[in-house]
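Here's the letter readout for the chains.
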Amino acid sequence: MSNYHIKHLEEYFQIYRKSVRDPENFWEEVAEEHFMWRKKWDKVLSWDFTKPEIKWFEGAKLNITENCIDRHLPTHGNKTAIIFEPNDPEEKEQYITFKDLHERVCKMANVLKDQGVKKGDRVCIYLPMIPELAVSVLACARIGAIHSVVFAGFSSSALATRINDSNCKMVITSDGSYRGSKTIDLKGIVDESLEKCPCVETVLVAKRINSEINMTQNRDKWLQPLLDAANDYCPAEIMDSEDPLFILYTSGSTGMPKGMVHSTGGYMVYTAYTFKNVFQYKDEDIYWCTADIGWITGHSYILYGPLANGATTLMFEGVPSYPDFGRFWQIVEKYKVNQFYTAPTAIRALAKENLEYVEKYDLSSLKVMGSVGEPINEEAWHWYNINVGKKKSPIVDTWWQTETGGIMISPIPYATPTIPTYASLPLPGIQPALMDENGQEIKGNQVDGRLCIKFPWPSIARTIWGNHQRYKDTYFSAFENKYFTGDGALRDEVGYYRITGRVDDVIIVSGHNLGTAPIEDAVNEHPAVAESAIVGFPHDVKGNALYGYVILKETGETRNQDNLRKEINQIITEHIGPIAKLDKIQFTSGLPKTRSGKIMRRILRKIASKDTGNLGDTSTLLNPEVVKEIMDNAL
Ligand code: PRX
């Protein structure tokens, strides 16, 4: 029996038991059979969650791009590695074979080298979903540079914060991007951020929308002429298994975004393994994940996981609503997509539209449909199952995080029976634990608690860039000797897990992690604002939306409140990006606080959610009278 490809439920249980009994042996077998190592490891795993320090396949040497590209050349050189579907359906698609990809990545890698990028340097990639994005990511990996992809919907100041935090010496961007019927001036955003980023020496600019842009002398260079002049072979830099592969920022409940650092060997093994099993990928299949490569889902399940399996992965530049709400389904029909992986927020948005948009297209190629990023509600699950999958294509509700690198809890399609809203069972090697508030593990079934993981898996993030202490405090301090996810979960009577949501001040809006503190900081920048508190409330498309309670300074009170609301959202857009805009802003004279001065967010959350039947004990508040005022004026 191969550990690598699970086909039945019984096989899952056998493999799972084996993976827990002897994780090192289990992962060693997977790593040995399926990858190309320049040198094998001296030790499979060493770990200490108290430091915390985790090392997988120590002593091994490899390059992940040899596994994602070169290895497939002899047998699959002419197979399509990446299909590029542009924003505009009238524009021609591109089929990039493994051979083409090899050449493009090598050329790009040589350009990076020519521009002085070396192993270990950080390169910020701020690009739309065009082939240059995939090629840039892989080119960094080819030469051992650490890529830091920043989602091209983030604002200039969010971009600057991320560039400076990891001291990137180069930015790769484009003149602009298409998003539905709009164009976005990406280069203008980069120019604005670089006023605050002295570390950046070079900006490489891909041409996408042919707009007029400013090129700063000696700093900005058009990418294409450099690529045209570059050699089409670049030897792969041989990396240690534990060398960092990339940094990817995620929001914390407080402070700066956290630059999660992923390392090479373990990340490769785990993303490849989970891709194969969760999507049951077969050699001829066409796989499509609708995420952006700016998020972890795109890193692990558009690029590395699929390519390590020699899969054909589709990259879509556009949005689900352009030119109309049938765009996703039209693409599924066009390419006969077999595995489709998207987010609940997209499903909910499309479910609101006329069913004709779905029914018009032949979706019979679909074999597996995935969901990721937030809990999928029952209604959305059924809509997806009935109208897209026609009840014959299993839904894999995959729970995981930027920090985990790969999928952790998910059904294995055609093996694990699915139940709406349940991510179901842990994948092999994953040992979840539910904890109570006193730090004790809650054993048995039909229980709920805080979700932790007891044992390391190969793709766990190794640190936060430049701040190991924060890594320890955030993930390893709440519960002794366990990785704490920040999520709550329940385990039902048969041991299935259902993720109930964040238990900290992170709010998931349309599948994007947003920390409340950075948004409050942005709101407080407005000259009329004295203080603010932000909470989430349920929203039928976004899952959660943001509700801001704002105390104005005296001078602000006379101003037009609608204008103030617009100005506050404008500041948020500039500091973070439009995804963090507040849906509702209520002006108030005070915020409920404990005697130690802490805002009682629980009360604010209940009011925002119109769930004021039981506000709990408010008598310990410093200012209980303010609760009535807030309730009376709630939006
Ligand atoms: O709260 C969980 C939620 O998304 C968080 C991780 O967000 P991020 O790091 O941006 O990664 C998203 C893509 C992997 C988790 O802590 N989440 C993710 N998937 C699910 C989910 N909540 C419920 N069900 C899921 N399937």
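Predicted model, so just to flag it, every value in this text is computed and none were measured. (Residues numbered from 1 in each chain as written. Predicted model: local features only at pLDDT ≥ 70, side-chain atom pairs only at ≥ 80, totals over all residues.)

## Re the packing of helix H7 (residues 156–165) against helix H8 (residues 186–194)
The geometry of H7 relative to H8 is characterised by a closest axis approach of 8 Å and an angle of 55° between their N-to-C directions. Judged on the interaxial angle alone, H8 and H7 are oblique. In the crossing of H7 with H8, the sense of the turn from one axis to the other is right-handed. Seen from H7, the contacting residues are Ser156, Ser157, Leu159, Ala160 and Ile163; seen from H8, they are Ile189, Val190, Glu192 and Ser193. A breakdown of the residues in the contact of H7 with H8 according to their chemical character gives five nonpolar, three polar and one charged. (Axes fitted to C-alpha atoms, helices over the stretch in contact; angles between N-to-C directions. Helix = DSSP H or I, 4+ residues; strand = E, 2+ residues; numbered from the N terminus. Parallel < 35°, antiparallel > 145°, perpendicular 65-115°, else oblique. Left-handed = near helix turned anticlockwise from the far one by under 90°. Contact = placed C-beta atoms within 7 Å. Nonpolar A, V, L, I, M, F, W, Y, C, P; charged D, E, K, R; others polar.)

## Points about the sheet that holds strand E5 (residues 94–97)
Within the open sheet, the seven strands sit side by side as E5-E4-E17-E16-E18-E19-E20. Their pairing is mixed. The open sheet has two edge strands with one neighbour each: E5 and strand E20 (395–398). Direction aside, neighbouring strands of the sheet carry axes that sit 20° apart on average. Direction of pairing for strand E19 (residues 368–372) relative to E20: parallel, over a ladder of four bridges. Paired with Ser371 across the bridge in E20 is Asp397. Against the sheet, helix H5 (residues 98–114) touches strand E4 (80–85) and E5, its axis set at about 85° to E5. (Pairing = 2+ DSSP bridges.)

## What about the site of the ligand?
In the neighbourhood of the ligand, 21 residues make up the surrounding shell, with Pro375, Trp399, Gln401, Thr402 and Ile499 lying closest. Sorting the residues of the shell around the ligand by element identifies helix H11 (296–308), E20, strand E24 (483–491) and strand E25 (497–502) as the ones contributing at least two each. Residue composition of the shell around the ligand, grouped by class: eight nonpolar, nine polar and four charged. (Near = placed C-beta within 6 Å.)

## Side note on the environment of Thr173
Within the secondary structure, Thr173 is located in strand E8 (residues 170–174). Taking the C-alpha atoms as reference points, Thr173 and Lys187, 14 residues apart in sequence, are found 6.8 Å from one another. Not counting residues within four places of it along the chain, the set of residues in contact with Thr173 comprises Tyr126, Leu127, Leu186, Lys187, Val190, Val203 and Val205.

## Describing the environment of Ser589
For Ser589, the location among the structural elements is in the loop between strand E30 (584–588) and helix H19 (601–608). Sequence separation between Ser589 and Thr418 is 171 residues, and the spatial gap between their C-alpha atoms is 49 Å.

## Things to note about the pairing of strand E15 (residues 258–263)
Across a regular strand the side chains alternate sides, sitting on one face of the sheet and then on the other. Most of E15 sits inside the fold, with six of its six residues counted as buried. When strand E14 (residues 244–250) meets E15, the two strands line up antiparallel, connected through six bridges. The partner of Phe246 across the bridge, within E15, is His262. Pairing geometry for E15 and strand E23 (residues 463–464), over two bridges, is antiparallel. Its bridge partner lying in E23, Val261 is registered against Thr463. (Buried ≥ 20, exposed ≤ 12 C-beta atoms within 10 Å, placed from the backbone.)

## Focus on the UniProt feature "domain: AMP-dependent synthetase/ligase" (unreviewed entry) in the protein chain
The sites that carry the UniProt feature "domain: AMP-dependent synthetase/ligase" (unreviewed entry) are, in the present numbering, residues 71–461. Its end C-alpha atoms 26 Å apart, residues 71–461 is made of 31% helix and 22% strand. (UniProt positions renumbered as here; feature names shortened; annotations may be inferred.)

## Description of helix H15 (residues 378–388)
Ala380, Trp381, Tyr384 and Val388 are the residues of H15 that are buried. In an axial view of H15, the angular spread of the buried residues amounts to 105°, which keeps them on one side of the axis. Seen from the open side of H15, the exposed residues pointing more than 90 degrees away from its buried face are Glu378 and Ile386. Its buried side turned inward, H15 meets helix H13 (344–351), helix H14 (356–359), E19 and E20. (Arc of directions from axis to C-beta.)

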